[in-house]
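# Summary of structural features
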Amino acid sequence: MLGPRLAALALVMTSLALAATPGRASACATCGCGDPTRTTMGTGQPYAGRLRLGANLRYRWDDVGDEGVDRATVHEVRLDLAAAYAPTDWLIVAASLPVLYRDVGWVNGGHASTVSPGELELRARVVLLRDRAFAPRHLLGVALGLKLPTGIDQVTPGGTLLPIEAQPGSGTWDGIGGLFYTHLADPWAVFATAQVTVGWAGRYDESPGPSLRGGLALQYRFDANVTVRGGVDARWDAPATIEGQTDPSTEHVTLFASPDFLWSPEDDWLLTVGARIPVAQLSGQGRAEGWYFLVSAVVDLEAR
Amino acid sequence: MNRIATAAALASLGLVAGAALPACLLDYSPGAVVDLYVEPDLGEATDANGARLQIDAAWVHLGSLTLTPCDGAEARVPEGWLSWARPVAHAHHARGDGLGLDGGHVVSLAEETWLGTLRPPPARYCGVEVIVEAATSTSDGEREALGEVDTLRVEGRREGVAWTARGPGGAALALPLTWTATADDPAARLAIHLDLRGAIERVDTAVDDEIDRGLDLVSALDADVSLE
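Attention in this report is confined to the structure presented alongside it. Note that this is a predicted model, so its numbers are computed, not measured. (Residues numbered from 1 in each chain as written. Chains lettered and ligands numbered in written order. Predicted model: local features only at pLDDT ≥ 70, side-chain atom pairs only at ≥ 80, totals over all residues. Heavy atoms only, no water.)

### Re the pattern of salt bridges
All names here are of chain A. Tallying each qualifying case throughout the model produces 29 salt bridges over all chains. The salt bridge partner of D174 is K147, with a shortest N-O separation of 3.5 Å. Of this pair, D174 sits in strand β7 (residues 173–185) while K147 sits in strand β6 (residues 138–147); the two residues are 27 residues apart in sequence, bridging distant segments of the chain. Of the two residues, D174 and K147, both sit in the buried class. A salt bridge links D237 to R235, with the shortest nitrogen-to-oxygen separation between them at 2.9 Å. No difference in accessibility class separates D237 from R235, as the two residues are buried. (Salt bridge = Lys/Arg side-chain N within 4 Å of Asp/Glu carboxyl O. Helix = DSSP H or I, 4+ residues; strand = E, 2+ residues; numbered from the N terminus. Buried < 20%, exposed > 50% of the residue type's maximum accessible area, 1.4 Å probe, protein only.)

### Focus on a negative patch on the surface
A cluster of acidic residues, D204, D208, D209, D212 and D216 of chain B, forms a negative patch at the surface. Along the chain, D209 of chain B falls in the loop between α3 (196–201) and α4 (210–220). (Patch = residues over 30% accessible without salt bridge, like charges linked within 9 Å, V, L, I, M, F, W, Y side chains within 5 Å. Areas by Shrake-Rupley, 256 points an atom, 1.4 Å probe, with all protein chains shown as cover. Lys, Arg positive; Asp, Glu negative; His and termini not counted. Charge placed at Lys NZ, Arg CZ, Asp CG, Glu CD.)

### Quick word on the layout of surface pockets
Residue and element names in this part refer to chain A. Roughly 1200 Å³ of internal volume is contained in the largest pocket. Lining the largest pocket are 43 residues, and of these G44, Y47, R50, R52 and Q219 lie nearest its centre. Elements supplying a minimum of two residues to the lining of the largest pocket: β1 (50–64), β7, β8 (188–200), β10 (211–221), β11 (226–237) and β16 (269–283). (1 Å grid on protein atoms, 1.4 Å probe; cavity = no way out; pocket = protein on both sides within 12 Å on 5 of 7 lines; lining within 4 Å. Points joined across faces, edges and corners; volume = space filled by probe spheres on them.)

### Details of the sheet that holds strand β12 (residues 240–242) of chain A
Residue and element names in this part refer to chain A. Taken in spatial order, the three strands make up an open sheet running β9-β12-β13, and their pairing is antiparallel. Looking at strand neighbours, the two that pair on one side only are β9 (206–207) and β13 (245–247), the edges of this open sheet. Where β12 lies against β13, three bridges are found, and the strand directions are antiparallel. When the bridges of β13 are listed, I242 appears paired with Q245. (Pairing = 2+ DSSP bridges.)

### Focus: the side chain of T117 of chain B
In this fold, T117 of chain B is placed in strand β7 (residues 113–118). A polar atom in the side chain of T117 of chain B sits 2.5 Å from the side chain of D35 of chain B. (Polar contact = N/O pair within 3.5 Å; in protein donor to acceptor, adjacent residues only side chain to side chain.)

### With respect to the pairing of strand β2 (residues 34–38) of chain B
Residues and elements named next belong to chain B. Most of β2 sits inside the fold, with five of its five residues counted as buried. With burial as the criterion, each face of β2 is covered, one bearing V34, L36 and V38 and the other bearing D35 and Y37. Relative to strand β13 (residues 188–194), β2 runs parallel, the two sharing five bridges. Among the inter-strand pairings, V38 is bridged to a residue of β13, identified as I192. Bridge count between β2 and β7: five bridges; the pairing is antiparallel. Directly across from V38, in β7, lies its bridge partner T113.

### Considerations on the sheet that holds strand β14 (residues 223–227) of chain B
Strand pairing in a sheet relies on backbone hydrogen bonds, with the paired strands running either antiparallel or parallel. Residue and element names in this part refer to chain B. As summarised here, the arrangement of the four strands in space is β7-β2-β13-β14, forming an open sheet in which the pairing is mixed. A strand with exactly one partner marks an edge of an open sheet, and here the two such strands are β7 and β14. Neighbour-to-neighbour, the strand axes of the sheet open up by a mean angle of 20°, direction not taken into account. As defined by bridge partners, β13 adjoins β14 across five bridges and the pair is classed as antiparallel. Within β14, the position partnered with L194 by the bridge is A223. (Axes fitted to C-alpha atoms, helices over the stretch in contact; angles between N-to-C directions.)

Right under this line is the structure:
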C-alpha cells in the first residue's frame, strides 16, 4: 500500500513520465493550456472579502508550418498581472492583463522581436452547488469571461502590419464559458475544468476558431507549506479563418502533462512553479507546440 | 478594509499602467523577399501561316507559381500547391508564403500585374514552375474574364476581322532561374513574361472554333522569367 506522500510523488512522476513521451503535431499565435485562472482565482471555496493579487510568468515556444517551406518559430515570455476579488462566498471576479515579449523567426531568415501589452481578460467564477456551507467537499460552478482585443498592433518600421504570430493577441473579442468541479478531501484535492472560447470581430486576416480546453488535476498537500499537483490538460482548436475562408489545416489538438509545485512561504503567500508538457499533438499543418514553463506568485488580502 | 482598498487601487493602477505600455518593435529584419509580377504582352503578331493579328486584350489563369530550389531533395513543395484542383490551402501565418503562390490568379496581359510576395528560405533557386490551368471560383484577379471554365481568353482582330480564342486546357511551364536568396539582400523583383505572341506564331489562327484556337494557344504557350 502506497503511503500518501509516495502516491503524491507518483502523481508528479507520472506527469513527468507522460511528458517524456515524444509528441509532435501543429501552432497558433495566441495559445495557452490548462486553466489560466487556477492560480489567480483559486480552485476552492471563495472567501467573501478576499482580494488576491498575482503575477504569472510564462515561457513557451511554438513551431508553425513546414520546415524549409513556411515555418515560423515563436518564443514568448508572458507576464500576467492579475487581481481577483470575492464579494461573496459564491462569486469571484478577476481581471488580468499580460505583457508579452515575442521573438519570431521565419523560414526566409526574417526576424522580429516585440514587447507590448496583450489582451485584457475579465472573468467571473460562480459556485452554483456545494455539499455544505462550511468546509465543503464538493463544489460545482460555472466560469464566464470576456477577452478584449486591447493588444496594440505590431508593425514594421515601414508601417506594414506584422504577421499574426508577432502580434500580442488574436485581435478578436472572445467570449469564455465553462464548468468547474472541485473535490476537497484534505490533504487531497481534485480539480476538473472545461472551458470553451469563441472569438468574433477579429481585426486581422487570420482569426482563431473556437477553442475547447479541459483539465483534470490531482493535488496533495504535504504540509502547511508544500503542495504538489499533477494532471493533464487538453486543448482542441477548431480551424482558423484566414482571409474569410476556414482553413481545415489549422485544426489542432494537444494533450499536456501538467506537474506543479506549490510553496507557501508564509500565510497568504503562494508561489507556484510548473510546466505544461505536450505529450500528444494532432495537426494538419506541421505544427509543433513546445513546452510551457510557469512561475507565479499570489498574495491574499483579507477584509478586516 | 483600508488594506483591501489600497491593494485594489494599486492593482487597478497596475492594470491600467500595463495597458498604457507602448508596443515596441525591438528588432526586425524582413529576410529574403521576392515580389512576383506578370509582364504585359499585347500587340501585333503573325501566326504560323503568316496571318497578321492585332491582340487587344488577353487574360490567362495561373494556377500556381513555385520556386524550385537547386537542391531538389530539400525542396519540399507544400502538398496543396501540387494538387491544384483542391481548395485553397493557406499557410497558418497568412503572409508567410514560402516557395510559391497558391489559389490561382487571373492576370490580364494588358498591363503589369503584381501577383504577390514570396518569403522563401535562403537558398539557391534554379527555376520557377508556373501552372497554367482553368480558373476556379476561388481564383483571384479578373476572374469574370474567364468564368470558371477557361484557362485563357484572347480578343483582337485577324486580318482586320474580329477574332477571339478561349478555352480550358493546362500547361506546366518550367522556367530556368538563377537566384540565391539571402536574408540580408533587399527585396528582389521577379517578372514572368507569358509569351502569348510567341504562341500565336506557332499556331494556325484560322481554325474555326474559338475553343480549339484557345486550346492550341494554351498548348503552345511558353514563358520566361527575369529577376532584378
